[in-house]
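# Per-entry structural report
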Amino acid sequence: MSKKIYNPVCPEYFYHADIQHEALLTYEQHLEKKHGESMRTCDPDDRTNWGALDWYANGSIAFAEREWPNFVSRLRECIKTHCGMGFYKEEDRKRYFYHSGSVYSLKGKFLLRSSVFIQHSSIIKMDEDRFMNDLSKIGRW
């Protein structure tokens with residue numbers, strides 16, 4: 001039996017950015033953000049450290065551009081709009097941009113950090129139904 005070849009049609013290359021935002025919150029603030037209200041209990045045996053600070057997810061932005069100059073312009077605009085002024089620091093082999101900002105459903109300003117992941121990838125168009133049908137026959141030939 002002959003091998004079937006699935007040639008891609010019009011591969012399109014894109015620069016893709018994924019910007020992850022995190023907020024430095026107490027555990028109580030995190031639960032309030034997540035559930036919309038304070039979750040403290042009156043239980044005297046409750047040993048939860050409600051004031052413990054940690055980084056919690058605070059949204060993300062993702063976009064893609066075909067041309068590098070357009071990609072860089074859009075990335076700069078995103079950082080300017082969503083992050084504002086701040087400083088850059090490497091921590092645990094990962095680079096972050098630290099800045100202040102708001103957290104949805106909480107009042108006040110918080111310390112935020114954002115990380116940017118950039119990749120160059122391609123979208124390949126092909127007959128997916130035919131490809132998947134052939135994959136489902138593996139081992140039956």
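Look up: the structure comes first, before these words.
Now for a description of the structure that goes with this document. (Residues numbered from 1 in each chain as written. Predicted model: local features only at pLDDT ≥ 70, side-chain atom pairs only at ≥ 80, totals over all residues. Heavy atoms only, no water.)

### Here we look at the pairing of strand β3 (residues 86–91)
Of the pairings in the sheet, the one linking β3 to strand β4 (residues 94–101) comprises 6 bridges and is antiparallel in character. Within the sheet, the bridge partner assigned to Tyr88 lies in β4 and is Phe97. (Pairing = 2+ DSSP bridges. Helix = DSSP H or I, 4+ residues; strand = E, 2+ residues; numbered from the N terminus.)

### Here we look at the packing of aromatic side chains
Each aromatic ring pair is specified by the distance between its two centres and by the angle formed by the two planes. Scanning the entire structure with this criterion turns up 7 aromatic pairs. On the numbers, 5.0 Å between centres and 65° between planes, the contact of Tyr15 with Trp68 is edge-to-face. Separated by 53 residues along the polypeptide, Tyr15 in strand β1 (residues 9–26) and Trp68 in helix α2 (residues 68–82) bring together distant segments of the chain. Relative accessible area serves as the criterion here: at 43%, Trp68 is assigned to the partly exposed category. A ring pair is formed by Phe87 and Tyr98, whose centres lie 5.3 Å apart and whose planes are at 15°; its orientation type is stacked. Of the two residues, Phe87 sits in strand β3 while Tyr98 sits in strand β4, which places them 11 residues apart along the sequence. Assessed through its relative accessible area of 5%, Tyr98 is described here as buried. Here the aromatic cluster, defined as three or more aromatic residues joined through ring pairs, consists of Tyr15, Phe63, Trp68 and Phe71. Here Arg113 stacks its cationic end above the ring of Tyr96, 4.0 Å away from the centre of that ring. (Phe/Tyr/Trp six-rings, centres within 6.5 Å; stacked < 30°, edge-to-face > 60°. Buried < 20%, exposed > 50% of the residue type's maximum accessible area, 1.4 Å probe, protein only. Lys NZ or Arg CZ within 6 Å of the ring centre and 35° of its normal.)

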